[in-house]
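Secondary and tertiary structure notes
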Amino acid sequence: MSRRQPPNRGQQPINVVEIDSSDDEEEGATVVAPSKRSSSSDTKPKPKAQPQQNQNRSPEAIGLTQPTPNLQTLECRSFWKAGACVVGPTARTAPPPGELEHARVHPKFLHSNATSHKWAFGAIAELLDNAVDEIHNGATFVKVDKIDIMKDNSPALLFQDDGGGMDPDSIRKCMSLGYSSKKSNKTIGQYGNGFKTSTMRLGADVIVFSRASRASKATQSVGLLSYTFLRKTAQDDVIVPMIDFDISGHWAEPIIYSSHDDWSANLTTILEWSPFTSKDRLLEQFEDIGRHGTKIIIYNLWLNDEGIYELSFDDDDEDIRLRDEANRGGQTKLQKKIVELQSHISYRIRYSLRAYASILYLRKFTNFSILLRGKPLQQFNIADELKYLKTVTYRPQMGIMASKEVAAVETTIGFIKESPALGVCGFNVYHKNRLIRPFWKVTAEGSSKGNGVVGVLEANFIEPAHDKQDFERSSLFIRLEAKLKQILVDYWNHHCHLVGYQPPGFRAQNTEKKDSAKSQKQMPEEEVHLDQHVNDPHTCLPHTNNGLLGNGGRFNLPVEIPTTGFADAHNEVVNEDGQEAISVDQICEENIQLFMRLLLLKCIDYYLLQV
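Cut-offs applied
Residues numbered from 1 in each chain as written. Predicted model: local features only at pLDDT ≥ 70, side-chain atom pairs only at ≥ 80, totals over all residues. Heavy atoms only, no water. Pairing = 2+ DSSP bridges. Helix = DSSP H or I, 4+ residues; strand = E, 2+ residues; numbered from the N terminus. Axes fitted to C-alpha atoms, helices over the stretch in contact; angles between N-to-C directions. Salt bridge = Lys/Arg side-chain N within 4 Å of Asp/Glu carboxyl O. Buried < 20%, exposed > 50% of the residue type's maximum accessible area, 1.4 Å probe, protein only.

Taking strand neighbours across the sheet as the criterion, the 5 strands line up as S13-S14-S17-S15-S16 in an open arrangement whose pairing is mixed. Lying at the two open borders of the sheet, with one neighbouring strand each, are strand S13 (387–394) and strand S16 (434–440). Direction aside, the axes of adjacent strands within the sheet are offset by 15 degrees on average. Looking at chain direction, strand S15 (residues 426–431) and strand S17 (residues 453–458) are connected through 5 bridges and run parallel. In the strand pairing of S17, Val 429 is matched with Leu 457.

Two side chains bearing opposite charge may form a pair once their charged atoms approach each other closely. Using the criterion set out here, one finds 17 salt bridges in the structure. Of the charged contacts in the structure, one is a salt bridge between Lys 146 and Asp 148, with a shortest N-O distance of 3.1 Å. Classification of Lys 146 as partly exposed rests on a relative accessible area of 24%. When its relative accessible area of 49% is taken as the criterion, Asp 148 is described as partly exposed. A salt bridge links Glu 385 to Lys 417; the nearest nitrogen and oxygen atoms lie 3.1 Å apart. Here the residue Glu 385 occupies a position in the loop between strand S12 (375–376) and S13, and Lys 417 occupies one in the loop between strand S14 (409–415) and S15, the gap between them amounting to 32 residues. According to the relative accessible area criterion, Glu 385 is partly exposed, its value standing at 35%. Salt bridges sharing partners connect three or more residues here, namely Asp 316, Asp 319 and Arg 321.

A negative phi holds for most residues other than glycine; trans holds for most peptide bonds. Residues Ser 419 and Pro 420 are joined by a peptide bond in cis, for which omega reads 5 degrees. Note that Pro 420 resides in the loop between S14 and S15. Within the chain, Ala 234 stands out as a residue other than glycine whose phi angle is a positive 60 degrees. Take Ala 234: it is sitting in the loop between helix H5 (227–232) and strand S6 (239–246). In this model, Tyr 388 sits at a positive phi of 55 degrees, which is unusual for a non-glycine residue.

Here you go:
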């Protein structure tokens, strides 16, 4: 295959990074240096290295064309339609002598890769995860806010933390596909793909500023991942212009990898396609970062099908909302019950970032805060507001091939405080402190069993999907689903009467009572008369408060048997072994059956005395 060779227009070469994909950086995968292409042995940026192959190549030869001012945005601004464009065939020249052919990544892959996020909040959660992972590097906050781009007066999303930051090598791994240095069991990120999918899901373009100190050397770097730039300049490979500075001294000194012209060309491309039109404006973005930290600005945000921004910044000055979800059902007069349901957090997480982020992490942070539009986020654990709490322990069965035992999983389950008025139910399942499945309903659709019952657990023994909005459907996941259903049913059977629901078998018991009463009413005319034998010492018939005689001396069965020793009909009695709770209704039914047997024995005894 030959590579496309547009005519040389005499422009300066641009030092760029071509993104390759990799699944494992520990098996010889190389990180491309800021030049066009380094050899396989040159895996990290090295200051003032010898000029590389692209030093004398024109920007047209490496796939770059001169941008024009009227091509700053894509024709299609809707995310789900932005990838629907025709890509013509491209020709490639043979690789230079001594260099192996390599897989390429077309810009369209950035868009298709981002479609793994079905909703925008899932993408925002990925960026929050990256900041939370920086807690072990000293991060104390992550800021999420809306800023205005002065270049075209459009909104943009800002993410900023004071973590360890990224040096030139780390930022290139961040911009590449499949590279991840997060190997700890405590970190949330692990696939090396979240930054790309999340930023491209929220907007067409993103620019990253990062400061770091490594081995007494302080650096600051700027990287631009622009879908707009790649598509408008007809690139057939993902190219990311980057520039780096050494700030160990009194001023920022450019770090040159091949030539100063290449560094300048990268700066020119960044200024042309980013919100910042001058070098000074660009460097101003480091002023509030401090000695270390990272700032991410996502711009050219996606629109919905109506041509309005997906994210709404105007409905609430302290929140970011999903416009389509927030407006759903809002045009008609709603019933009171529906309004109450929509005010519950299980519903609000669909459209309110503040609500969703408040339950995103299971354990509350001690020295770390999330600032959403300038206001600290209050973390919320729904288990703290459940009533009639119960804790169930589950030890997953990993199978004979498991290399180590898995710690037992504790599930906290109970009724929401609004029960039974609201039928909200389901399990909030976390993985490594991160919410994966919110309010997961394990019962069949349409079933009322479990209404109002909510559970919370952390399942680190199963793997989440790449978008961290669900779990991989493995055998462990299927067994967990069955176990949670069993936990829910057991809890419901023994606790549903506490909030006013009829316990299982309640209707059957009532039917038996009615049938018994009906059979007594249909007794034959040869009824037993007991008046002359009431005071007989040989007759020991049981007495109730109303007595057994009435209506001409006929034997009457009491309609209701009074019970004593119970505070109310919602209490439970625990057996001596302390393991099984028996409802009051069950005890009443047993008492009735025992009374009937005793009455029958006394009647038989009476007839025997008459013989």
